[in-house]
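Close look at the chain arrangement
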Amino acid sequence: MLIAGKLGLALLTFCPCLAQTPAMPVDGMIAHIDELKNKAEHKGEADRGRIYADIAHELVELANAQFTNGDPDKGQASIRSAVDYAEKSASSAEEKGHKIKNAEITLRQTARRIDEVRKTLDIDNQPPLKDAVDRLEQLRKQLLQRMFGDDKK
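Thresholds applied
The numbers attached to residues start from 1 for each chain and follow its sequence in the written order. With the structure being a predicted model, the display of local features is reserved for residues of pLDDT at least 70 and the display and counting of side-chain atom pairs for 80 or more, all residues being used for whole-chain, interface and lining totals. In computing side-chain values, all of the structure's heavy atoms are included and hydrogens and water are not. Note on conventions: DSSP H or I runs of at least 4 residues are helices, E runs of at least 2 residues are strands, and numbering of each starts at the N terminus. Throughout, a residue-residue contact means that at least one pair of heavy atoms, one from each residue, lies within 4.5 Å. Stacked, edge-to-face and tilted labels apply to pairs of Phe, Tyr and Trp rings (six-membered ring for Trp) whose centres lie within 6.5 Å, assigned for plane angles under 30 degrees, over 60, and everything in between, in that order. Here the term buried applies to any residue with accessible area under 20% of the maximum for its type, exposed to any over 50%, and partly exposed to those in between, with areas from a 1.4 Å probe on protein chains only. Placement of a positive charge over a ring is assigned whenever Lys NZ or Arg CZ falls within 6 Å of the ring centre and within 35 degrees of the normal to the ring plane. Take the buried Ala, Val, Leu, Ile, Met, Phe, Trp, Tyr and Cys residues and link them wherever side-chain atoms come within 4.5 Å; each set so joined is a nonpolar core. What a helix is expected to span follows from its residue count: subtract one and scale by 1.5 Å. Lines are fitted to the C-alpha atoms to define the axes, a helix being fitted only along its stretch in contact, and any angle between axes, read from their N-to-C directions, falls within 0 to 180 degrees. Put simply, angles under 35 degrees are roughly parallel, angles over 145 are roughly antiparallel, angles from 65 to 115 are roughly perpendicular, and the rest are oblique. What makes a crossing left-handed is the near helix being turned counterclockwise from the far one by less than a right angle; a clockwise turn instead makes it right-handed. Residues are sorted three ways: Asp, Glu, Lys and Arg are charged, Ala, Val, Leu, Ile, Met, Phe, Trp, Tyr, Cys and Pro are nonpolar, and all the rest, Gly among them, are polar. Basic side-chain nitrogens of Lys or Arg form a salt bridge, by our definition, when they fall within 4 Å of a carboxyl oxygen of Asp or Glu.

**Some remarks on the overall build of the protein**
Counting secondary structure elements, the protein contains six helices and zero strands. Listing the helices and strands of the protein from first to last along the sequence gives α-α-α-α-α-α. Summarising the internal contacts of the protein: among those between residues at least 6 apart in sequence, 64% fall at separations of at least 24.

Laid out in structure tokens, this is it:
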């Protein structure tokens, strides 16, 4: 038993990858998101859609860090904010008819990332993320309909 304890200590000493990883730096992520929000305020309406999509994606990464750091309430709040910004992105792209394809691609990537995060959570925290993925899929379908829909009827 003593040998196993020494072996475990030796492994942690020589292979820090086995030690618990430190908390992720959410403060830096929040600052970056705030910069993007500020940037969006100073852009024209046509350019905001892409920035809103970037904010949504960054909020998902923030949520992942918050879940990893043991703060599921903040993680859920970040996911809700991500959905809000995804809706703004889709609305802006659809309204202006500008960069719809880019918005659709970013929404698809964001939905995929939310689903990846969802799969790492305990069962109690998964339903709101499933709802978020479903909402982003609805937004994507609307954008695809706008791009490829039959307007000639």
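**Things to note about the packing of aromatic side chains**
Taken as a whole and judged by the stated rule, the model has one aromatic pair. Pairing tyrosine 52 with tyrosine 85 gives two aromatic rings, centres 5.8 Å apart and planes at 55°, and the pair type is tilted. Highlighted residues: tyrosine 52 in helix H3 (residues 45–68) and tyrosine 85 in helix H4 (residues 72–96), separated in sequence by 33 residues. Residue classification places tyrosine 85 among the buried positions, given a relative accessible area of 14%. Residue placement shows lysine 88 over the ring face of tyrosine 52; its charged tip is 5.6 Å from the ring centre. Against the face of tyrosine 85 rests lysine 88, its NZ or CZ located 4.5 Å from the ring centre.

**Considering the nonpolar core**
Judged by nonpolar contacts, the single largest core of 34 residues is most densely connected at Ile55, Ile79 and Ile114. Elements represented by at least two residues in this core include exactly helix H2 (26–41), H3, H4, helix H5 (100–120) and helix H6 (126–148). Considering each element in turn, this core owes the most residues, 10 residues, to H3. Excluding residues that lie within four positions of it along the chain, isoleucine 114 makes contacts with Val60, Ile79, Leu129, Ala132, Val133 and Leu136.

**Some details on H3**
Counted at 1.5 Å a residue, the expected span for H3 with its 24 residues is 34 Å, and the 35 Å between its end C-alpha atoms agrees. Just downstream of H3 lies glycine 70, where phi reads positive at about 80°.

**Some remarks on the packing of H2 against H3**
Viewed as axis vectors pointing N to C, H2 and H3 meet at an angle of 165°, and their least axial separation amounts to 10 Å. Viewed along their axes, H2 and H3 adopt a mutual orientation that is roughly antiparallel. Here H2 runs over H3; the crossing is left-handed. Every residue of H3 that contacts H2 at Val26, Met29, Ile30, His32, Ile33, Leu36, Lys37, Lys39, Ala40 and Glu41 is listed here: Arg48, Ile51, Tyr52, Asp54, Ile55, Glu58, Leu59, Glu61, Leu62, Ala65 and Gln66. When grouped by side-chain class, the residues that make up the contact of H2 with H3 number 12 nonpolar, two polar and seven charged.

**Considerations on the side chain of threonine 106**
For threonine 106, the location among the structural elements is in helix H5. The class for threonine 106 is buried, based on a relative accessible area of 5%. Once you skip the residues sitting within four places of it in the chain, threonine 106 turns out to touch Arg50 and Ala53.

**Some thoughts on the pattern of salt bridges**
Applying the stated criterion across every chain, the model contains 11 salt bridges. Between arginine 118 and aspartate 115 there is a salt bridge, and its shortest N-O distance comes to 2.8 Å. Pair noted here: arginine 118 and aspartate 115 are both in helix H5, with a separation of three residues, about one helical turn. The exposure class of arginine 118 is buried, given its relative accessible area of 16%. Here the salt bridges do not stand alone but share partners, grouping Glu104, Arg108, Glu137 and Arg140 into one network.

None of this, on its own, says anything about what the molecule does.
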